Amino acid sequence: MGSTPVEDMIEASSGAHFSGFHIDGMQPLNSLAGQLATSLSENVHKQPFIIDAFDNEKLLSTVEMLRHGKTVDIPKYDFRSYKNSISRRVNPSDVIILEGILIFHDPRIREIMNMKIFVDTDADVRLARRIRRDTGEKGRDIGMVLDQYSKFVKPAFDDFILPTKKYADIIIPRGGDNHVAIDLIVQHIRTKLGQHDLCKIYPNLYVIHSTFQIRGMHTLIRDAQTTKHDFVFYADRLIRLVVEHGLGHLPFTEKQVVTPTGSVYTGVDFCKRLCGVSVIRSGESMENALRACCKGIKIGKILIHREGDNGQQLIYEKLPQDISDRHVLLLDPILGTGNSAVQAISLLLKKGVPEANIIFLNLISAPQGVHVVCKRFPRIKIVTSEIETGLNQEFRVLPGMGEFGDRYFGTDDE
Ligand SMILES: Nc1nc2c(ncn2[C@@H]2O[C@H](COP(=O)(O)OP(=O)(O)OP(=O)(O)O)[C@@H](O)[C@H]2O)c(=O)[nH]1
Ligand SMILES: O=P(O)(O)OC[C@H]1O[C@H](OP(=O)(O)OP(=O)(O)O)[C@H](O)[C@@H]1O
Ligand SMILES: O=c1cc[nH]c(=O)[nH]1
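Predicted, not measured: the structure shown is a model, and the values here were computed from it.

How each quantity is defined
As a convention, each chain's residues are numbered from 1 in the sequence order in which they are written. Here every chain gets a letter starting at A, and every ligand a number starting at 1, in the order they are written. Only residues with pLDDT of at least 70 are given local features in this predicted model, and only at 80 or more are side-chain atom pairs given and counted; all residues enter the totals for whole chains, interfaces and linings. The side-chain numbers reported here are obtained from all heavy atoms of the structure, hydrogens and water having been left aside. Going along the chain from the N terminus, every DSSP run of H or I of four or more residues is numbered as a helix, and every run of E of two or more is numbered as a strand. Buried residues are those whose accessible area, probed at 1.4 Å on protein chains only, stays under 20% of the maximum for their type, while exposed residues exceed 50% and partly exposed ones sit between those limits. Residue contacts are counted whenever heavy atoms from the two residues lie within 4.5 Å of one another. Working definition of accessibility: Shrake-Rupley area with a 1.4 Å probe, residue cover restricted to the visible protein chains. The criterion for strand pairing is that DSSP finds at least two bridges linking the strands in question. What counts as a ring pair is set by centres within 6.5 Å for rings of Phe, Tyr and Trp (its six-membered ring), and what kind of pair is set by the plane angle: stacked under 30 degrees, edge-to-face over 60, tilted for all other angles. Working definition: residue near molecule or strand if any one of its non-hydrogen atoms lies within 4 Å of it. Identification of polar contacts relies on pairs of N or O atoms within 3.5 Å, with a donor-acceptor requirement for protein atoms, meaning one able to donate a hydrogen and the other able to accept it, and with residues adjacent in sequence counted only if both atoms are side-chain atoms. Any residue that is not Ala, Val, Leu, Ile, Met, Phe, Trp, Tyr, Cys, Pro, Asp, Glu, Lys or Arg is counted as polar, Gly included; the first ten are nonpolar and the last four charged. Helix axes are fitted to C-alpha atoms over the stretch in contact, other axes to C-alpha atoms as well, and angles between N-to-C directions run from 0 to 180 degrees. Angular relationships are summarised with four words: roughly parallel below 35 degrees, roughly antiparallel beyond 145, roughly perpendicular across 65 to 115, and oblique for the angles in between. Crossing chirality is assigned from the near helix's rotation relative to the far helix, an anticlockwise turn below a right angle marking it left-handed and a clockwise turn marking it right-handed.

## Some details on the overall build of the chain
If you tally the helices and strands in the chain, you get 15 helices and 18 strands. Burial statistics for the chain: of 414 residues in total, 47% are counted as buried. If you take every contact in the chain between residues at least 6 apart in sequence, the share linking residues at least 24 apart comes to 68%. Total accessible area on the chain stands at roughly 21,300 Å², and carbon and sulfur atoms take up 52% of it.

Written out as structure tokens, the structure is:
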């Protein structure tokens, strides 16, 4: 086995292809060539392509659980009995490698992959590996292996697997021996895991496009010398930008109107059924901006007691009764450790709000908080105006802007 998960996976693969990101050991859910052969009938070419042997629903739900940070049990396929017998426990991790024949077939599975790789291996090498594996590991007779290969495996590869190559982002020639390609992929994944590429790791994290105006406003609110009046003024301007950006992520419907010139303008209609939820106290600073954009919007409140990096406790909540039918704009200007956000989002989920209907709006996010929230709730959207460098020992955001609530509401002593 190689020294990285990617290398391990390439070396372990039996030749056809793999795709990432991926979980080592996931292929039993998807089946290998032997399963493929048994699932295809002689007249497969005349029939629509239905893959009964693949449990894609299970694959999707398993990956979803891993993305939520949950441990899963993956069934292991036994080639001798043709059954899923034992299962294997897999823990969640930052990189999920998903490997298997026909892995690019189902568009829903393609959709969850950040990078799709096709390992192109010579047909002779694939056949040689197959003979070695099936006679050795599966105890099959060589005549049977060759017969199965020419009748089912080769035509099925040409008809169904090769065409999925077009979905790959990267095609690696010469399979696992191509160390340059493997190094490039490993480097790419490392880069994605770096703090500065958070948006690439988490497609639901949106950092508003920076301009010198925005940098200028941040410079003012971060400056410890800035007066309360200016702090509020520039924080409000930034908050308004974040709110407008966040509203842009709501669904919309197409709408046509007739303009005063008598022409038809094809536009969109805003999403109905919204509400805001502010995290007391700092989140309340964002309510005016939301009300200014969405007239009459209902705004619920959550109060969380925060102590250090844990010990978060929900103290008070008052939310619209029909919140589960609404898109929720969660308001809190600071995402630090992420513990307050996790508490608030967990409460919304408990009230029946679908995860995908939550947009978390904030001014600054520490990478630690982004990791915590995005891993636990991969379907919520986070909209922020800047990503910070980290947290200090007291779990304050760095460089940060100090105690936001105190500076905004004037309760700091200076
Ligand atoms: N989605 C969206 N709505 C906007 C925007 N700007 C203003 N709005 C208005 O904000 C309103 C959404 O607020 P809601 O209070 O959920 O509206 P509603 O569903 O009609 O009323 P309630 O059910 O009583 O809450 C919509 O009626 C929009 O007209 C925007 O940028 N996006
Ligand atoms: O991600 P976390 O580490 O949980 O930190 C973020 C929380 O801290 C801030 O509130 P704070 O406790 O300062 O209260 P305040 O809004 O009442 O000032 C902020 O508004 C968040 O709610
Ligand atoms: O840096 C921080 C962290 C939490 N709350 C704040 O107001 N500032």
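Let us keep going from here.
## A closer look at the sheet that holds strand 16 (residues 386–387)
Taken in spatial order, the 3 strands make up an open sheet running 12-14-16, and their pairing is parallel. The sheet is open, and its two edges are formed by strand 12 (334–335) and strand 16, each paired on a single side. Examined bridge by bridge, strand 14 (residues 364–365) and strand 16 share 2 bridges and lie parallel to one another. Directly across from I364, in strand 16, lies its bridge partner E386.

## Description of the packing of aromatic side chains
If you walk through the whole model with that rule in mind, you get 4 aromatic pairs. Residues F233 and Y234 carry aromatic rings whose centres are separated by 5.0 Å and whose planes lie at 85° to one another, so their mutual orientation is edge-to-face. With a relative accessible area of 43%, F233 lands in the partly exposed category. Taking 5.1 Å as the distance between ring centres and 70° as the angle between the ring planes, the aromatic pair formed by Y408 and F409 counts as edge-to-face. Judged by its relative accessible area of 10%, Y408 falls in the buried class. On the basis of relative accessibility, which here comes to 34%, the residue F409 falls in the partly exposed class.

## Some remarks on the site of ligand 2
Inspection of the region around ligand 2 gives 15 residues, with S282, R306, D332, T337 and S340 positioned closest. Between ligand 2 and S282, the relevant distance is 2.5 Å, taken from an oxygen atom to a side-chain nitrogen or oxygen of the residue. Interatomic distance of 2.8 Å between a backbone N/O atom of G338 and an oxygen atom of ligand 2. Taken by itself ligand 2 offers 510 Å² of open surface, and the protein chains cover 86% of this. The set of elements that each furnish at least two residues to the shell around ligand 2 consists of strand 12 and helix 13 (339–350). Each residue belonging to the shell around ligand 2 can be placed in one class, and the counts come to 3 nonpolar, 8 polar and 4 charged.

## What to know about the site of ligand 1
Surrounding ligand 1, one finds 13 residues, the nearest of these being L250, R273, L274, C293 and R326. In this structure, an oxygen atom belonging to ligand 1 sits 2.7 Å away from a side-chain N or O atom of R326. Within the complex, 73% of the 620 Å² of free accessible area of ligand 1 lies under protein.

## Points about the packing of helix 6 (residues 123–136) against helix 7 (residues 142–161)
Packing of helix 6 against helix 7 leaves a shortest axis separation of 11 Å and a crossing angle of 135°. Judged on the interaxial angle alone, helix 7 and helix 6 are oblique. Like other packed secondary-structure pairs, helix 6 and helix 7 cross with a definite hand, here right-handed. Of helix 7, the residues touching helix 6 (which contributes A123, R126, L127, R130, I131, D134 and T135) are I142, V145, L146, Q148, Y149, V153 and F157. Class assignment for the residues of the contact of helix 6 with helix 7 results in 9 nonpolar, 2 polar and 3 charged.

## Description of the pairing of strand 13 (residues 358–361)
Of the two faces of strand 13, both are covered, the one formed by I358 and F360 as well as the one formed by I359 and L361. Two strands pair when backbone bridges link them, and strand 11 (residues 327–331) and strand 13 are joined in this way by 4 bridges, in the parallel orientation. Residue pairing for strand 13: L330 is matched across the bridge by F360.

## Points about unusual backbone geometry
Looking along the chain, the bond that leaves I280 and enters R281 is cis, with omega of 5°. Note on placement: R281 falls in the loop between strand 8 (274–280) and helix 12 (287–293). Of note, the bond from L398 into P399 is cis; its omega dihedral lies within 30 degrees of zero at -5°. The topology assignment puts P399 in the loop between strand 18 (397–398) and helix 15 (404–409). Even without being glycine, R273 reaches a positive phi, approximately 60°. Inspection of the secondary structure assignment puts R273 in the loop between strand 7 (264–269) and strand 8. Although it is not a glycine, F395 adopts a positive phi angle of roughly 65°. Topologically, F395 is positioned in the loop between strand 17 (390–391) and strand 18.

## Focus: the side chain of N178
Note that N178 resides in the loop between strand 4 (170–173) and helix 8 (179–193). The buried category is assigned to N178, whose relative accessible area is 8%. The residues touching N178, leaving out its near neighbours within four places in the chain, are I172 and P173.

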